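# Summary of structural features
Chain residues, written in single-letter form:
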Amino acid sequence: MPLDDTRSIVIPAAVGHLGELRAFVREAAATAGASDEATTDAVQAIDEAATNVIVHGYRGGPGEIEVRSMVRGGRIEIRLLDRAPSFDPSTVPEPDLSGPPLERRPGGMGVHLIRAATRETRHHPRPGGGNELILVCDLEGRSREG
């Protein structure tokens, strides 16, 4: 696997295109030699992040999502770029998980799941508007502690 293996895909911001992103991340992870656990983590993280962009960022309106993958230092780095209103997921508090799952209010778990599936997440506003979300997963599947 080349160390500089970088690939990208652009999809319309619609839930019907999420399968294309999941397949893209699976292929990038496989090419990088990622473990099954790392692949599952990366696919879950991108699915949750892209769904949030479509539903909450673009609010079902028109738009595009670009995803770029890069392998570096034993990790796969996935960048999700959009032109939706700026939103920094690091500002979202951890959910209250103290009660039984069926008694909790539905929703609000996407950012928590992204954090659980990645070693690191970073957000940057894009010049001219939009977001760049960077999701980093270890190729061996070691999610961040905590």
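These remarks concern the structure in this document. (Residues numbered from 1 in each chain as written. Predicted model: local features only at pLDDT ≥ 70, side-chain atom pairs only at ≥ 80, totals over all residues. Heavy atoms only, no water.)

### A few points about the overall build of the chain
From N to C terminus, the chain includes three helices and five strands. Counting from the amino terminus, the chain carries its helices and strands in the arrangement β-α-α-β-β-α-β-β. If one aligns the C-alpha atoms of the chain with their principal axes, the spans along those axes are about 45 × 35 × 25 Å. Out of the 146 residues belonging to the chain, those deemed buried represent 41%. The long-range fraction of contacts in the chain, counting pairs at least 24 apart against all pairs at least 6 apart in sequence, stands at 64%. Only carbon and sulfur atoms are counted for the fraction: they give 54% of the accessible area of the chain, which is about 8000 Å². Where the 17 positive side-chain charges of the chain centre and where its 22 negative ones centre are 4 Å apart. (Helix = DSSP H or I, 4+ residues; strand = E, 2+ residues; numbered from the N terminus. Buried < 20%, exposed > 50% of the residue type's maximum accessible area, 1.4 Å probe, protein only. Contact = heavy atoms within 4.5 Å. Areas by Shrake-Rupley, 256 points an atom, 1.4 Å probe, with all protein chains shown as cover. Lys, Arg positive; Asp, Glu negative; His and termini not counted. Charge placed at Lys NZ, Arg CZ, Asp CG, Glu CD.)

### Looking at the sheet that holds strand E4 (residues 120-125)
The strand order E1-E2-E3-E5-E4 describes an open sheet built from five strands, whose pairing is antiparallel. Every interior strand has two partners, whereas the edge strands, strand E1 (6-12) and E4, have only one. In this sheet, neighbouring strand axes are inclined to one another by 15 degrees on average, regardless of whether the strands run parallel or antiparallel. Each of E1, strand E2 (64-72) and strand E3 (75-82) is contacted by helix H1 (residues 18-32), which is oriented at about 175 degrees to E1, the strand it contacts most. (Pairing = 2+ DSSP bridges. Axes fitted to C-alpha atoms, helices over the stretch in contact; angles between N-to-C directions.)

### Some points on the pattern of salt bridges
Using the criterion set out here, one finds eleven salt bridges in the structure. The residue Arg122 makes a salt bridge to Glu77 at a minimum N-O spacing of 3.8 Å. With Arg122 in strand E4 and Glu77 in strand E3, this residue pair connects regions lying 45 residues apart in the sequence. Between Arg122 and Glu120 there is a salt bridge, with its nearest N and O atoms 2.6 Å apart. We classify Arg122 as partly exposed; its relative accessible area is 27%. A residue is classified by how much of its surface remains accessible, and Glu120, at 27% relative accessible area, is partly exposed. The network of salt bridges with common partners includes Arg72, Glu77, Arg79, Glu120, Arg122 and Glu132. (Salt bridge = Lys/Arg side-chain N within 4 Å of Asp/Glu carboxyl O.)

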